[in-house]
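Single-letter residue listing:
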Amino acid sequence: MNKIITDICIVGAGPVGLFAVFEAGLLKMRCHVVDALPAVGGQLSEIYPKKPIYDIPGFPEILAGDLIKNLEQQIAPFHPTFTLGERVEHLDKQEDGSFILTTVDGTEIACKVVVIAGGLGSFEPRKPAIENLERYEGKGVTYMVRDPEHFRDKRVVLAGGGDSALDWAIYLSGLCKELTLVHRGTSFRGAPESAEKVVTLSEEAQIKLLLKSNVTEVHGEKNLEKVTVLIDNATPHEIEADYFIPLFGLVPKLGPLENWGLELEKNAILVNTEDYSTNIPGVYAIGDINTYPGKLKLILCGFHEAALMAQSAYNILNPGKKFVLKYTTVNGIQELQA
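Residues numbered from 1 in each chain as written. Predicted model: local features only at pLDDT ≥ 70, side-chain atom pairs only at ≥ 80, totals over all residues. Heavy atoms only, no water.

Is there a simple way to explain the overall build of the protein in this structure?
Counting secondary structure elements, the protein contains 7 helices and 22 strands. Taking 20 Å as the expected radius of gyration for a compact globule of 338 residues, we find that the protein reaches 22 Å, a close match to that expectation. Over its C-alpha atoms, taken along the principal directions, the protein stretches across nearly 70 × 45 × 40 Å. Burial analysis of the protein (338 residues in total) assigns 51% to the buried set. Across the protein, every contact between residues at least 6 apart in sequence was considered, and the portion connecting residues at least 24 apart equals 59%. Surface accessibility of the protein: about 16900 Å² in total, with carbon and sulfur atoms responsible for 49%. (Helix = DSSP H or I, 4+ residues; strand = E, 2+ residues; numbered from the N terminus. Rg over C-alpha atoms; globule rule 2.2 N^0.38 Å. Buried < 20%, exposed > 50% of the residue type's maximum accessible area, 1.4 Å probe, protein only. Contact = heavy atoms within 4.5 Å. Areas by Shrake-Rupley, 256 points an atom, 1.4 Å probe, with all protein chains shown as cover.)

Right, here's the structure in full:
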């Protein structure tokens, strides 16, 4: 069993969770970040990396994906550690007031402070309504691309028309033995340049592009062997496939944290606006996952919440030690040792 010891465990690697690492690092507190998604960034990376954001102070316009890259660069001096692709299942408070969090894969994180920055909750893939689809999960059907090398020299069928489907179609086109992109529409919802690239790859026969089409059936003895595609609601067509990856976005759900004893209101965690603490001492909630009178679900508001949370967490980790606020313009960024 993998066990990690840290000062603060941040559940959620979206923009607010990442900025919390920065605020904690300024106060010399170490962070470990856990996220059910295989990469940092939350919705910004998974759903709309190429879409511009206009309300980040100092940036008249910044692409969502670029904001995440900047945040990763900003927190690098504090050497945070990560557990990605694993959802936190259990939160157990210890007799000394510390916590142990356990992921679905059995990873344990021991910490003194827990910060829930899970956005709208844990994201689960939106699954297409295909009979027996779950039978092949882990046996050829997957909803995320965690390691592209896993698909090298394989026959892969992707489904979807958003940024994620387009980006992975472009990336995997150079790895797969055969790659098919199935989309129910005739135009894509993703970035225009990505759509143009996919069309070009199709014209060059590096991708097989099926528009006005849907995957309707999956087949195989033990593992996935082929899929049936309905083309233009008329012609069924079978495609041999080692993998089927439907990329139809993510559905936010509170998930296991519903059972952690937190005070909830309309699928959000109630917090004290003085420091964004929850009803469980030592547990904080910041970003879209929390609620309070006047709550605004904006990234910049989550950044503010992260800053106040860090000040309060400092008192838990340093009892009796007076905190003296030092401006970064004066103090700079004092890197933590790796």
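Teacher, can you tell me more about helix H4 (residues 163-172) here?
One turn of the α-helix equals 3.6 residues, which is why residues spaced by three or four share an orientation. For H4, the complete set of buried residues consists of Asp163, Ser164, Ala165, Leu166, Ala169 and Leu172. Contacts from the buried residues of H4 go to helix H2 (43-46), strand S12 (155-159), strand S13 (178-183) and helix H5 (192-203).

Hey, could you run me through the sheet that holds strand S8 (residues 99-103) in this one?
Backbone-to-backbone hydrogen bonds pair the strands of a sheet. The strands run either parallel or antiparallel. Strand order in the open sheet formed by 4 strands is S1-S9-S8-S7, and the pairing between neighbours is mixed. Pairing within the sheet leaves two strands with one partner each, and these edge strands are strand S1 (3-5) and strand S7 (88-93). Sheet twist, expressed as the mean angle between neighbouring strand axes with direction ignored, is 20°. Where S8 meets strand S9 (residues 108-111), 4 bridges bridge the pair, whose relative direction is antiparallel. Within S9, the position partnered with isoleucine 100 by the bridge is alanine 110. (Pairing = 2+ DSSP bridges. Axes fitted to C-alpha atoms, helices over the stretch in contact; angles between N-to-C directions.)

Got a minute to help me understand the packing of helix H1 (residues 15-26) against helix H6 (residues 299-317) in this structure?
What describes two packed helices is the angle between their axes and the distance between those same axes. Between H1 and H6, the least distance of the axes is 9 Å, while the angle of their chain directions is 35°. The hand of the H1/H6 crossing is right-handed. In this structure, H1 uses Pro15, Val16, Phe19, Ala20, Glu23 and Ala24 to contact H6, whose residues at the interface are Ile299, Gly302, Phe303, Ala306, Ala307, Met309 and Ala310. Of the residues in the contact of H1 with H6, the class split is 11 nonpolar, 1 polar and 1 charged. (Left-handed = near helix turned anticlockwise from the far one by under 90°. Nonpolar A, V, L, I, M, F, W, Y, C, P; charged D, E, K, R; others polar.)

Mind showing me how you'd approach the sheet that holds strand S3 (residues 31-35) here?
Here 5 strands make up an open sheet; going across it, the order is S6-S3-S2-S10-S21 and the pairing parallel. The two strands at the open ends of the sheet, each matched to only one other strand, are strand S6 (81-84) and strand S21 (283-285). Along the sheet, successive strands turn relative to each other by an average axial angle of 20°, direction set aside. In this sheet, S6 lies alongside S3 in parallel orientation, the contact comprising 4 bridges. Note that in S6 the partner of valine 33 across the bridge is phenylalanine 82. Most of the contacts of H1 go to strand S2 (residues 8-11), to which it runs at about 160°, and overall it touches S2, S3 and S6.

What exactly am I supposed to notice about the side chain of threonine 228 here?
As for its position among the elements, threonine 228 is in strand S16 (residues 226-231). Engagement of the side chain of threonine 228 in a polar contact is seen with the side chain of histidine 219, the distance being 2.7 Å. Beyond its immediate stretch of four places on either side in the chain, threonine 228 contacts Asn214, Val215, Thr216, Glu217, His219, Pro236, His237 and Glu238. (Polar contact = N/O pair within 3.5 Å; in protein donor to acceptor, adjacent residues only side chain to side chain.)

Even after reading the chapter, I still don't get a nonpolar patch on the surface, so can you show me in this structure?
A cluster of nonpolar side chains, contributed by Leu296, Leu298 and Leu300, occupies part of the molecular surface with about 230 Å² of accessible area. Note that leucine 296 resides in the loop between strand S22 (290-291) and H6. With a relative accessible area of 48%, leucine 296 lands in the partly exposed category. (Patch = residues over 30% accessible without salt bridge, like charges linked within 9 Å, V, L, I, M, F, W, Y side chains within 5 Å. Salt bridge = Lys/Arg side-chain N within 4 Å of Asp/Glu carboxyl O.)

What exactly am I supposed to notice about the nonpolar core here?
Generally speaking, nonpolar side chains in soluble globular proteins are found buried as a group. Counting 63 residues, the largest nonpolar core has Ile8, Ile10, Met29, Leu101, Val114, Ile116 and Ile286 as its most contacted members. In terms of residues, this core owes the most to one element, H6, which gives 8 residues. Leucine 101 has contacts with Cys9, Val11, Val88, His90, Leu91, Thr107, Glu108, Ile109, Cys111 and Val114, leaving out every residue within four places of it along the chain. In this structure, Ala169, Leu181, Leu201 and Leu209 belong to the second largest nonpolar core, which totals 21 residues. (Core = buried A, V, L, I, M, F, W, Y, C linked by side-chain atoms within 4.5 Å.)

Looking at this structure, I do not really get H6. What am I missing?
Taking 1.5 Å as the rise per residue, H6 with 19 residues should run 27 Å; its terminal C-alpha atoms sit 26 Å apart, in good agreement. Of all the residues in H6, the buried ones are Ile299, Cys301, Gly302, Phe303, Glu305, Ala306, Met309, Ala310, Ser312, Ala313, Tyr314 and Leu317. (Expected span 1.5 Å × (residues − 1).)

Would you mind going over the packing of aromatic side chains with me for this structure?
In total, this model carries 6 aromatic pairs according to the counting rule given. Ring geometry for phenylalanine 151 versus tyrosine 243: centroids 4.9 Å apart, planes at 80°, classification edge-to-face. One end of the pair, phenylalanine 151, is in the loop between strand S11 (122-125) and S12; the other, tyrosine 243, is in strand S18 (residues 243-246), and 92 residues separate them in sequence. Side by side, phenylalanine 151 and tyrosine 243 carry an identical accessibility label, which is buried. An aromatic cluster of three or more residues is present, and its members are Phe19, Phe22, Phe78 and Phe303. (Phe/Tyr/Trp six-rings, centres within 6.5 Å; stacked < 30°, edge-to-face > 60°.)

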